[in-house]
Amino acid sequence: MMTVSLGVVMDPIGSINVKKDSTLAMLWEASRRGWKIFYFEQRDLFLRDGIVFGNSRELTVYEDKNKWFEFGETKKIALADLDMMLMRKDPPFDREYIYTTYLLEHAEKQGVFVVNKPQSLRDANEKLFAAWFPQCCPPTVVTRSHALLHQFLREQKKIVCKPLEAMGGSSVFLVNENDANINVIFETLTHFENAYMMAQKFIPEITKGDKRILMINGEPVPFCLARIPAKGEWRGNLAAGAQGVAQPLTERDRWICQQVGPTLREKGLYFVGLDVIGDYLTEINVTSPTCIRELDEQCHLNISAQLLDVIR
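Heads up: these notes are all about the structure in this document.

Cut-offs applied
- Residues numbered from 1 in each chain as written.
- Predicted model: local features only at pLDDT ≥ 70, side-chain atom pairs only at ≥ 80, totals over all residues.
- Heavy atoms only, no water.
- Buried < 20%, exposed > 50% of the residue type's maximum accessible area, 1.4 Å probe, protein only.
- Helix = DSSP H or I, 4+ residues; strand = E, 2+ residues; numbered from the N terminus.
- Pairing = 2+ DSSP bridges.
- Axes fitted to C-alpha atoms, helices over the stretch in contact; angles between N-to-C directions.
- Contact = heavy atoms within 4.5 Å.
- Polar contact = N/O pair within 3.5 Å; in protein donor to acceptor, adjacent residues only side chain to side chain.
- Core = buried A, V, L, I, M, F, W, Y, C linked by side-chain atoms within 4.5 Å.
- Arc of directions from axis to C-beta.
- Salt bridge = Lys/Arg side-chain N within 4 Å of Asp/Glu carboxyl O.

Looking at the pairing of strand S8 (residues 140–143)
Where a strand is regular, its side chains alternate between the two sheet faces.
Stage number 1. Judged by which residues are buried, S8 turns out to be one-sided: Val141 and Thr143 face inward and are buried, whereas Thr140 and Val142, on the alternate face, are not.
Stage number 2. Relative to strand S11 (residues 197–201), S8 runs antiparallel, the two sharing 4 bridges. Bridge pairing links threonine 143 to methionine 197 in S11.

Comments concerning the sheet that holds S11
Stage number 1. A sheet is described by the order of its strands in space; here 4 strands give the open sequence S8-S11-S9-S10, paired in antiparallel fashion. The open sheet has two free edges, formed respectively by S8 and strand S10 (173–176), since each of these has just one partner strand. Taking the axes of each pair of neighbouring strands and ignoring which way they run, one obtains an average angle of 25° across the sheet.
Stage number 2. One ladder, built from 5 bridges, connects strand S9 (residues 158–163) with S11; its direction is antiparallel. Residue cysteine 161 lies in a different strand from S11, and its bridge partner there is alanine 199.
Stage number 3. Packing of helix H4 (residues 146–156) onto the sheet brings it into contact with S8, S9, S10 and S11, and relative to S11 it is tilted by some 10°.

Brief notes about the side chain of threonine 190
Stage number 1. Summarising the element assignment, threonine 190 is placed in helix H5 (residues 182–190).
Stage number 2. Given the relative accessible area of 0%, threonine 190 is considered buried.
Stage number 3. Side-chain polar atoms of threonine 190 contact the side chain of histidine 146, separated by 2.8 Å.
Stage number 4. Polar side-chain contacts of threonine 190 include one of 2.7 Å to the backbone oxygen of phenylalanine 186.
Stage number 5. What threonine 190 contacts, discounting residues up to four positions off in sequence, is Thr143, Arg144, His146, Leu149, Ala195 and Met197.

Structural notes on the nonpolar core
Stage number 1. In terms of nonpolar packing, the biggest core is built from 37 residues, with Phe40, Leu79, Met85, Leu274, Leu281 and Ile284 touching the most fellow members.
Stage number 2. Among the secondary structure elements, those contributing two or more residues to this core are strand S2 (36–40), strand S6 (84–88), helix H2 (95–109), strand S12 (210–216), helix H6 (251–266), strand S16 (271–277) and strand S17 (280–285).
Stage number 3. Counting residues per element, this core draws most heavily on H6, at 4 residues.
Stage number 4. Residues within four places of leucine 281 in sequence aside, it is in contact with Ala130, Phe133, Cys136, Cys137, Pro138, Ile256, Val260, Leu274, Asp275 and Val276.
Stage number 5. Val8, Ile13, Ile16 and Ile303 belong to the second largest nonpolar core, which has 35 residues in total.

Things to note about H5
Stage number 1. By the burial criterion, the buried members of H5 are Ile182, Ile185, Phe186, Leu189 and Thr190. Relative to the axis of H5, the buried residues are bounded by an arc of 110° and lie together on one face.
Stage number 2. One or two residues past the end of H5 sits histidine 191, with phi positive at roughly 50°.

Structural notes on the pattern of salt bridges
Stage number 1. Enumeration according to the criterion identifies 20 salt bridges in this entry.
Stage number 2. The closest approach of N and O atoms between glutamate 41 and arginine 43, which form a salt bridge, is 3.3 Å.
Stage number 3. Judged by its relative accessible area of 11%, glutamate 41 falls in the buried class.
Stage number 4. Given the relative accessible area of 68%, arginine 43 is considered exposed.
Stage number 5. Taking the shortest distance from any N to any O, the salt bridge between arginine 122 and glutamate 105 comes out at 2.7 Å. Linking arginine 122 in helix H3 (residues 118–123) with glutamate 105 in helix H2, this pair joins segments that are 17 residues apart in sequence.
Stage number 6. Of the residues examined, glutamate 105 reaches a relative accessible area of 14% and is grouped as buried.
Stage number 7. When salt bridges with common partners are traced through the structure, they connect Glu29, Arg32, Arg33, Glu63 and Asp309 into a single cluster.

What to know about the pairing of S12
Stage number 1. For S12, a buried count of 7 out of 7 residues is recorded, marking the element as mostly surrounded by other parts of the structure.
Stage number 2. The side-chain alternation of S12 yields two buried faces, one formed by Asp210, Arg212, Leu214 and Ile216 and the other by Lys211, Ile213 and Met215.
Stage number 3. In this sheet, strand S14 (residues 223–228) lies alongside S12 in antiparallel orientation, the contact comprising 3 bridges. Within S14, the residue paired with aspartate 210 across the bridge is arginine 227.
Stage number 4. Two elements, S12 and S16, share 7 bridges in a ladder whose sense is antiparallel.

In structure tokens:
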């Protein structure tokens, strides 16, 4: 059997959180299978005369918190010479991220299998994409208009406001009708009505956790990670100090997965994280979903193996 060659585009591996990083879990599983791993950062990719190349470093990974990786030789390779690529670069979803997806899409056409599909990474904004499934979502508005936001706030009484490009709970505001900073928040997030933002009805069940459901080729892992806000905090993000507690999926969770799953498969979104609060879908994370490590540890799973089985 020929060895599988796997490329990975990610943030600098030397600065990841070794205890929690999901990409590292995928690379460990690839290593256990004897796959050959080639490491790239965004700056390593380039196009020459219609061919997408990368200045790659061969990568060896170790399950050791003190030494989790080692680089081999650096060499220029055509991405199409690889069997598959994992695109695991974290947001921000900026112009450089978009340009990277263009390069990966071109390499995909030349023969390499890219997970997740580059075009779909561009198409599926992690905040807006959830709105494609309104039957699953809380009352939601996406707008630049302060007048519409004030109207929405009067209707819902309490809302969550967030930019469309952030992650990890960054720049997310909880707004009440009597909040003295309402106008400042709207001005900040819309850049004085020059940028779109999202507002959603506040879901009080956030106290029980913001559930991350991992989807592999449109099918859910049977346990989710409920990220329970820290004391004095309302955001259910691990980056904001939330505690992750594994829970089996509810019937409502599974129904939401059934609504979303076929579209994920159609778009080539093989590894996705759904965010569910109470009975409502709030976000669909497609760029570099996390929580593999916590679910693996608490539920004795090997989610990376499930993913690699599917994509190979």
